[in-house]
Amino acid sequence: MDALTIRPATAADVPALSDLIRRTVRLSNAADYAAPVVELIAGNATPDKVAQRLAERDVFVCLDGARIVGTIGLGGDRLRSLFVEPSLQGKGVGARLVAHLEAHARQAGVVELQLSSSITARGFYERLGYRLIRFEEREDGSTFLMSKTLTSC
Ligand SMILES: CC(C)(COP(=O)(O)OP(=O)(O)OC[C@H]1O[C@@H](n2cnc3c(N)ncnc32)[C@H](O)[C@@H]1OP(=O)(O)O)[C@@H](O)C(=O)NCCC(=O)NCCS
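Being a predicted model, the structure only gives us computed values, none of them experimental.

**Considering the site of the ligand**
Next, step 1: Not every one of the 22 residues close to the ligand is listed here, only the nearest: Leu82, Gly92, Gly94, Ser118 and Arg127.
Next, step 2: For the ligand, an oxygen atom lies 2.9 Å from a polar atom in the side chain of Asn29.
Next, step 3: Within the contact set of the ligand, an oxygen atom lies 3.3 Å away from a side-chain nitrogen or oxygen of Gln89.
Next, step 4: If the ligand stood free it would expose 920 Å²; the protein chains cover 71% of that surface.
Next, step 5: At the level of secondary structure, the elements contributing two or more residues to the shell around the ligand comprise helix H1 (14-28), strand E4 (78-84), helix H4 (93-107), strand E5 (112-117) and helix H5 (122-127).

So this is what it looks like as structure tokens:
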């Protein structure tokens, strides 16, 4: 990997973001969700839906050179839509994106950052200090509600 940079997403990023999210869901989440649920989740990342989310949330992209290799968002007090390119997982990209998002959320005045973790990512968020609140069973993809208090430093 080159030096990673993180910046706000723009409308020009939408096609690459949509591809990244759908590919990552199909490759990385497929072991934890039934195939129809994987397709439901992937269906939430069409270019139209990604563009809509850019208008509603603070969305960031992580770049390896010119290539988008990860994304994360903040909507209200919730961390949203964290995805890391499958071939680059396990190299610290996800942790970098979460640290960036936490700093951004702190600046926005968020004290308690919440998220709905995929079954796949629960251990990752625990590693970063998020605590489990409850399991939320849903037909369109069960998740773990988790939370972390953001300190001021
Ligand atoms: C979950 C995800 C974002 C993690 O990103 P990543 O870049 O692979 O994670 P990192 O390399 O930054 O890992 C940070 C730490 O968490 C650990 N970790 C990563 N994934 C983990 C997992 N599934 N379970 C337990 N620990 C995990 C790493 O070993 C590392 O630990 P270390 O600090 O001791 O070395 C990525 O695997 C992904 O995109 N998954 C599929 C999409 C998804 O489920 N997203 C979450 C939606 S809520």
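Back to the write-up after that little detour.
**Comments concerning the sheet that holds strand E6 (residues 131-136)**
Next, step 1: Taken together, seven strands build an open sheet; the order of strands is E1-E2-E3-E4-E5-E7-E6 and the sheet is mixed. In this open sheet, the two strands that pair with only one neighbour each are strand E1 (4-8) and E6. Taken pair by pair, the neighbouring strands of this sheet meet at an average axis angle of 25 degrees, ignoring direction.
Next, step 2: Across five bridges, the pairing between strand E3 (residues 67-75) and E4 is antiparallel. Opposite Gly73, over in E4, you have Arg80 as the bridge partner.
Next, step 3: In the packing of H4 onto the sheet, the strands contacted are E1, strand E2 (58-64), E3, E4, E5 and strand E7 (143-149), and the crossing angle to E3 comes to about 35 degrees.

**Considerations on the environment of Asp32**
Next, step 1: Looking at the element boundaries, Asp32 is found in the loop between H1 and helix H2 (35-43).
Next, step 2: Considering only alpha carbons, one finds Asp32 and Ile119, 87 residues apart in sequence, at a separation of 6.3 Å.
Next, step 3: Apart from the residues lying within four places of it in its own chain, the contact partners of Asp32 are Ile119 and Thr120.
Next, step 4: One polar contact links Asp32 to Thr120, side chain to side chain, over a distance of 2.7 Å.

**Some remarks on unusual backbone geometry**
Next, step 1: Of note, Ser81 is a non-glycine position whose phi angle comes to about 45 degrees, a positive value.
Next, step 2: Taking relative accessible area as the criterion, Ser81 reaches 30% and is therefore assigned partly exposed.

**A look at the side chain of Arg53**
Next, step 1: Of note, Arg53 is situated in helix H3 (residues 47-56).
Next, step 2: Although Arg53 is buried, it forms no salt bridge, and the closest oppositely charged side chain is Glu56 at an N-O distance of 5.9 Å.

Conventions used here
Residues numbered from 1 in each chain as written. Predicted model: local features only at pLDDT ≥ 70, side-chain atom pairs only at ≥ 80, totals over all residues. Heavy atoms only, no water. Near = heavy atom within 4 Å. Polar contact = N/O pair within 3.5 Å; in protein donor to acceptor, adjacent residues only side chain to side chain. Areas by Shrake-Rupley, 256 points an atom, 1.4 Å probe, with all protein chains shown as cover. Helix = DSSP H or I, 4+ residues; strand = E, 2+ residues; numbered from the N terminus. Pairing = 2+ DSSP bridges. Axes fitted to C-alpha atoms, helices over the stretch in contact; angles between N-to-C directions. Contact = heavy atoms within 4.5 Å. Buried < 20%, exposed > 50% of the residue type's maximum accessible area, 1.4 Å probe, protein only. Lys, Arg positive; Asp, Glu negative; His and termini not counted. Salt bridge = Lys/Arg side-chain N within 4 Å of Asp/Glu carboxyl O.

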